[in-house]
Amino acid sequence: MARPFSTLGIVLSGGGARGAYEAGVMHYIRTALPTRAKTRPIQLYCGSSVGAINVSYLASQADNTERQGTHLRRAWESLRQDEIYRRDATAVARLLFTSFAGMTANIFRKPKPDSNVSGIHFRGLVDTSPFPKFLNRMISWSRLNENVERGLVQGISITLTNMRSGQLEFFINKHPSTNYHGNYLVRFGKIGWRHVMGSAAIPILFPAVEIDGIYYADGGLRLNTPMSPAIHMGADRVLVVGMHDSSEANTGAAARPTGKPSPPTLGEIIGKILNSIFLDRLDYDIKQMNRINHIIDWAEEVYGDNFLESVNSMLRTKGITGDVASRGLKRLKVYAVSPSRDIRDLFAEVLRGPGGLSGFTAFEKMLLKLLDVDMHRGQEFLSYFLFLPDYLRALTQLGYDDAKRKHDDLTEFLSE
């Protein structure tokens, strides 16, 4: 008789076009691991930004583990930029209008601080009107929410940033048997395309999305790798897929440029801003959880094997509440998969390849000129923003290969 599984949560990070990497990782996990590991149920799904798109698809296919891997990768490798934002002549005209005409009109408008005058406001550099159609074709929202009702999915959490308050919010749909004990602001209910589109609305580039009268933007602004909701909905194990290798976090190690120094371009500045948004404290959080696990191990050596139960019994008896007290102290096992190489280098290789810049329309060319994006020094920005077919295929393959390198570790982690 097979031993029962512990509760597993999957957490997918944000990173724009880099989300294709997550699809490659999931493809390997769901098709190439031993049967017990590759068919292992995932009960909790948590995502931020593009990770919100991927976990929503995975949750909608919770009853078909092989499809979770194969179809997610297929969706990314067949994705075209036109499905995310408009790139035609109308998009060029809109970009010019919002960038120049709007600013000019606002300059000459007489300010009225006591009234809510609706002028030509900047919403974002790109028109994402095709995006909802793509999300609705890729993800069956009714099936996702039915899987929650049936208990196949114990909970799904989408992370967004409230653009009025600046605060982090979780939108969670959970099964009645699942309890949430976190301290963040949570809005419970069914998950739909607006939540995911809002979570993926990269600031400056994509317009914020209205949900119930409030505008939301990228969840990665405040929490790019949202392990918190998985833990506070009862996960015993958390599988995390990150978007950065260690070299991107250690940007200070880069070689000093030679020749006459030049100021950074606007594209470079935006790239650094995006990098600061999507780089998070994943390594630190994992180390902290491992420290807690070690403390529990040491305490059991001193106070006996019933240490955890004694502590949790005391918390219940005294009515102590709070995130840890409410859910109880326990060991948490976390395993992370992240890129084995700098994605900026991978993107640069694609640009130098035969496809190169051939996929650029007049819209991209104008946008790059407007932002003063240098093709050599603006690759950080472009690696988040451009959904080039060759680039997406390279990312999915990198994710697949990185998961393959961790075959034994993933097999052990997902078999318990």
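Residues numbered from 1 in each chain as written. Predicted model: local features only at pLDDT ≥ 70, side-chain atom pairs only at ≥ 80, totals over all residues. Heavy atoms only, no water.

**Student:** Give me the lowdown on the overall build of the chain, citing residues and values where you can.
**Tutor:** Looking only at helices and strands, one finds 19 helices and nine strands in the chain. Within the chain, counting contacts between residues at least 6 apart in sequence, those at least 24 apart form 80% of the total. (Helix = DSSP H or I, 4+ residues; strand = E, 2+ residues; numbered from the N terminus. Contact = heavy atoms within 4.5 Å.)

**Student:** I'd love a proper account of the packing of helix α3 (residues 50–60) against helix α7 (residues 141–150), names of residues and values included.
**Tutor:** Where α3 contacts α7, the axes come no closer than 8 Å and their chain directions differ by 65 degrees. Judged on the interaxial angle alone, α7 and α3 are roughly perpendicular. In this structure, the crossing between α3 and α7 has a hand that is left-handed. On the side of α3, the interface is formed by S56, A59 and S60, while α7 contributes W141, R143, L144 and N147. A class-by-class count of the residues in the contact of α3 with α7 yields three nonpolar, three polar and one charged. (Axes fitted to C-alpha atoms, helices over the stretch in contact; angles between N-to-C directions. Parallel < 35°, antiparallel > 145°, perpendicular 65-115°, else oblique. Left-handed = near helix turned anticlockwise from the far one by under 90°. Nonpolar A, V, L, I, M, F, W, Y, C, P; charged D, E, K, R; others polar.)

**Student:** Tell me about the pattern of salt bridges, and name the residues and values.
**Tutor:** Overall, the coordinates contain 15 salt bridges when judged by the stated rule. In this structure, E77 and R73 form a salt bridge, with 3.0 Å as the shortest nitrogen-oxygen distance. Pair noted here: E77 and R73 are both in helix α4 (residues 65–77), with a separation of four residues, about one helical turn. R87 serves as the salt-bridge partner of D82, at 3.0 Å between the closest nitrogen and oxygen. Owing to a relative accessible area of 43%, D82 belongs among the partly exposed residues under this scheme. If you follow the salt bridges from partner to partner, you end up with D297, E300 and R331 in one network. (Salt bridge = Lys/Arg side-chain N within 4 Å of Asp/Glu carboxyl O. Buried < 20%, exposed > 50% of the residue type's maximum accessible area, 1.4 Å probe, protein only.)

**Student:** I'd like a description of the confidence of the model for the chain, backed by residues and values.
**Tutor:** When pLDDT is averaged along the chain, the result is 84, and 83% of the positions lie at 70 or above. Per-residue pLDDT, averaged within each element of the chain, yields its smallest value for helix α10 (residues 246–249) (54) and its largest for helix α1 (residues 20–32) (98). (pLDDT = per-residue confidence, 0-100.)

**Student:** Which residues make up the pairing of strand β8 (residues 237–241), and what values go with them?
**Tutor:** When you tally the buried positions in β8, you get five out of five residues, the bulk of the element. Burial along β8 is two-sided: the residues R237, L239 and V241 and V238 and V240 are all buried. One ladder, built from five bridges, connects strand β1 (residues 8–12) with β8; its direction is parallel. Pairing of L8 across the sheet is with R237, part of β8. Relative to strand β9 (residues 333–337), β8 runs parallel, the two sharing five bridges. Directly across from V238, in β9, lies its bridge partner V334. (Pairing = 2+ DSSP bridges.)

**Student:** Could you give me a rundown of the packing of aromatic side chains, with the residues and numbers involved?
**Tutor:** For the structure shown, the criterion picks out eleven aromatic pairs. Note on Y85 and F385: the rings are 5.2 Å apart at their centroids and 10 degrees apart in plane angle, and the pair reads as stacked. Remark: F385 occurs in helix α17 (residues 379–385) and Y85 occurs in the loop between α4 and α5 (89–108); sequence separation between them is 300 residues. In this structure Y85 comes out as buried when scored by relative accessible area, which is 0%. Relative to F188, the ring of Y180 has its centre 6.3 Å away and its plane inclined at 75 degrees; by these criteria the two rings are edge-to-face. The class for Y180 is buried, based on a relative accessible area of 15%. (Phe/Tyr/Trp six-rings, centres within 6.5 Å; stacked < 30°, edge-to-face > 60°.)

**Student:** Could you give an account of unusual backbone geometry, naming the residues involved and the relevant values?
**Tutor:** Here S49, not a glycine, exhibits a phi torsion of approximately 60 degrees, which is positive. By secondary structure assignment, the location of S49 is in the loop between β2 (44–48) and α3. Look at D212: it is not a glycine, yet its phi comes out positive at around 55 degrees. For D212, the location among the structural elements is in the loop between β6 (209–211) and β7 (214–218).

**Student:** Help me get a handle on helix α16 (residues 362–370), residues and values and all.
**Tutor:** Regarding α16, the residues found buried are F363, E364, L367 and L368. One side of α16 holds all its buried residues, which, seen down the axis, span an arc of 130 degrees. In α16, the exposed positions angled more than 90 degrees off the buried face are occupied by A362 and K369. Downstream of α16 by a residue or two, D372 has a phi angle that is positive, lying close to 55 degrees. (Arc of directions from axis to C-beta.)

**Student:** So what's going on with the nonpolar core? Residues and values would help.
**Tutor:** Residues Y45, I53, W76, L239, F381, F385 and Y391 are the most contacted members of the largest nonpolar core, which totals 91 residues. Contact partners of L239, with chain neighbours within four places excluded, come to L8, G9, I10, V11, I29, Y335, L410, F413 and L414. The next biggest cluster of nonpolar side chains, apart from the first, holds 20 residues, and it includes F170, I172, M233 and M289. (Core = buried A, V, L, I, M, F, W, Y, C linked by side-chain atoms within 4.5 Å.)

**Student:** I'd like to hear about the environment of R393, residue by residue, with values.
**Tutor:** Structurally, the position occupied by R393 is in helix α18 (residues 389–405). Distance in space between the C-alpha atoms of R393 and R74 is 9.6 Å, their sequence separation being 319 residues.

**Student:** Tell me about the side chain of D402, and please be specific about residues and values.
**Tutor:** Position of D402 among the secondary structure elements: in helix α18. For D402, the contacting residues outside a window of four places in its chain are Y21, S338, P339 and S340.

**Student:** So, the side chain of H232: which residues are in play, and what are the values?
**Tutor:** Along the chain, the position of H232 falls in helix α9 (residues 227–232). Beyond its immediate stretch of four places on either side in the chain, H232 contacts N179, Y180, H181, G182, D323 and R327.

**Student:** I'd love a proper account of the environment of N162, names of residues and values included.
**Tutor:** Inspection of the secondary structure assignment puts N162 in strand β3 (residues 155–162). Taking the C-alpha atoms as reference points, N162 and G198, separated by 36 residues in sequence, lie 9.6 Å from one another. N162 has contacts with Q167, E169, I214, Y215 and Y216, leaving out every residue within four places of it along the chain. Separated by 3.1 Å, the side chain of N162 and the backbone nitrogen of S165 make a polar contact. Within the structure, N162 has its side chain in polar contact with the side chain of E169 (distance 2.9 Å). (Polar contact = N/O pair within 3.5 Å; in protein donor to acceptor, adjacent residues only side chain to side chain.)

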